[in-house]
Every structure is written in structure tokens, then in C-alpha cells.
Amino acid sequence: MARRPKHDPRESEREILDAAEQLLRERPFREISVDAVMSRTGLKRPAFYAHFRDRHDLALRVVENAGRTLFEMTDRWLRGEDPAADARRAFEGLVEVYVEHGPVLRALSDAAASDEKVERAYKALVQRFIEATVRHIRDEQVRGRIGELGDVEQTASALIWMDERYLSEALGRVPHADPQVVVDVLYNIWMSTLYSADPAVAAHRRIPSLHTAGQ
């Protein structure tokens, strides 16, 4: 009798993570159980514990995966040489991620308000963005592109938390806001805050009218 082929561990892990994302689109984290997740897969319950300690560990992995994708988009600005063009590409990338995964990211953000483990992971994710932004601002100040901002850490923190809340509200539910308008709003705020004193950047950046963008 032929033996049944074993699941590839990477495939089974991905299947469980996909099932968790599906559930997070439909219900709050507090209502999600291991059984509910596994019922969306073709796997048995023991397969869950081969990859995750508990549902909290599963949520942390979803946060980690989301953070990795978001950082790939942000790198377009952090590692670029054209502040205006790179910033727009970065925001377009962030918005693309939120259009696809916004309800899941919103569910994790909401879970952070009531679940200590998720809160620590989510805040750590946001802090990574804040620290990367601080480094980039200081690098741009050395280049002479960004002027005096006062407290750089607090400026970066305000911008990143504003992004997190705005993206969650605008794209974390259905129906969601117009993605192009969301890009324009974020772009305008960041460029006005960081680069308004740099004539070279101001001359090359395009800040579209929100009214026009929304048409």
C-alpha cells in the first residue's frame, strides 16, 4: 500500500498563515481559535503546533510577514537618491500592500489594544519604521536636503503613527478610500514636513491637487 505523501513543512506553514489572514479579514483576533484556523486548511490540528506555539504566536508571525512586505516598499525611499520620486514610489507600494492586506493589518492593530503579546509585537514593528525614518532624516540632513526639524525622533514617531492610523482607517475596511488619494495625502504631508525648505526637491516634486486626484 502506497504511503500518503507528507506535507512540505513550508507549504503547511503557508497554508495556516493564509487561513489566519482569511479569518482576520472576517472577525476580531479575540474570536479566532486554533480550531477555527485549522478548519480553513486541509491539515490536522497537530500540524498547527509543528509551526506555532499558540494563536498568539500565529498572530506574531502574521505581523512579522506584514512588516517584511511593508519594509520592502519603504526601502524605495530609504535607499533612494531622488527624495520626491522615491517617496512617491514608496507610498504607492505601501498603499498597494494595504489595499491587499488592509483588513488584516487593521485587525492586528485592533488586537494590539487588548492583547499584550500582540501589542508588543505590533509596537516593535512600528518602532522599526520609526528608527529607520530617524536614520534617514539624519542622513538627509547631512546631505543638506532636510533642514532643522527640532526633535527628529518625535517627528519620525508622529509621521509613522499617523501613517499607521490613517492607512488602517482608509484602507482597512470595505469599501475603502481611493488608493490614489491616499498616496497623495501621505506624500503631501511627508514632503511638506521634511522637504519644504529644500528648493531643489521642491522644484522637482509633484504635489497633485487632491481634488484633481480624486476625479
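Residues numbered from 1 in each chain as written. Predicted model: local features only at pLDDT ≥ 70, side-chain atom pairs only at ≥ 80, totals over all residues. Heavy atoms only, no water.

### Describing empty space enclosed by the protein
Over the atoms, a rolling probe the size of a water molecule traces out where space has been left empty.
In step 1: Under the criterion given, the structure shown has 3 cavities of 30 Å³ or more.
In step 2: Taken as a whole, the largest cavity spans an internal volume of roughly 280 Å³.
In step 3: Forming the walls of the largest cavity are 19 residues, and the residues nearest its centre are Thr 74, Leu 94, Phe 129, Ile 160 and Asp 163.
In step 4: Elements represented by at least two residues in the lining of the largest cavity include exactly helix H4 (55-78), helix H5 (83-112), helix H6 (116-143) and helix H7 (152-171).
In step 5: Of the residues forming the lining of the largest cavity, the biggest block, 6 residues, is contributed by H5. (1 Å grid on protein atoms, 1.4 Å probe; cavity = no way out; pocket = protein on both sides within 12 Å on 5 of 7 lines; lining within 4 Å. Points joined across faces, edges and corners; volume = space filled by probe spheres on them. Helix = DSSP H or I, 4+ residues; strand = E, 2+ residues; numbered from the N terminus.)

### Points about the UniProt feature "DNA-binding region" (unreviewed entry) in the chain
In step 1: When the UniProt feature table is mapped onto this chain, "DNA-binding region" (unreviewed entry) is found at residues 33-52.
In step 2: In residues 33-52, the share of helix is 50% and the share of strand is 0%. The end C-alpha atoms are 13 Å apart. (UniProt positions renumbered as here; feature names shortened; annotations may be inferred.)

### Details of the layout of surface pockets
In step 1: Quantified by volume, the largest pocket comes out at close to 270 Å³.
In step 2: Lining the largest pocket are 16 residues; nearest its centre among them are Arg 27, Pro 28, Phe 29, Ala 107 and Asp 110.
In step 3: Elements with a minimum of two residues in the lining of the largest pocket: helix H1 (9-26) and H5.
In step 4: Here the lining of the largest pocket gets 5 residues from one element, more than from any other, and that element is H5.
In step 5: Partitioned by chemical class, the residues of the lining of the largest pocket number 6 nonpolar, 2 polar and 8 charged.
In step 6: What the second largest pocket holds in volume is close to 210 Å³.
In step 7: Around the second largest pocket, the lining residues are Phe 71, Asp 75, Leu 78, Arg 79, Gly 80, Ala 132, Arg 135, His 136, Asp 139 and Arg 143. (Nonpolar A, V, L, I, M, F, W, Y, C, P; charged D, E, K, R; others polar.)

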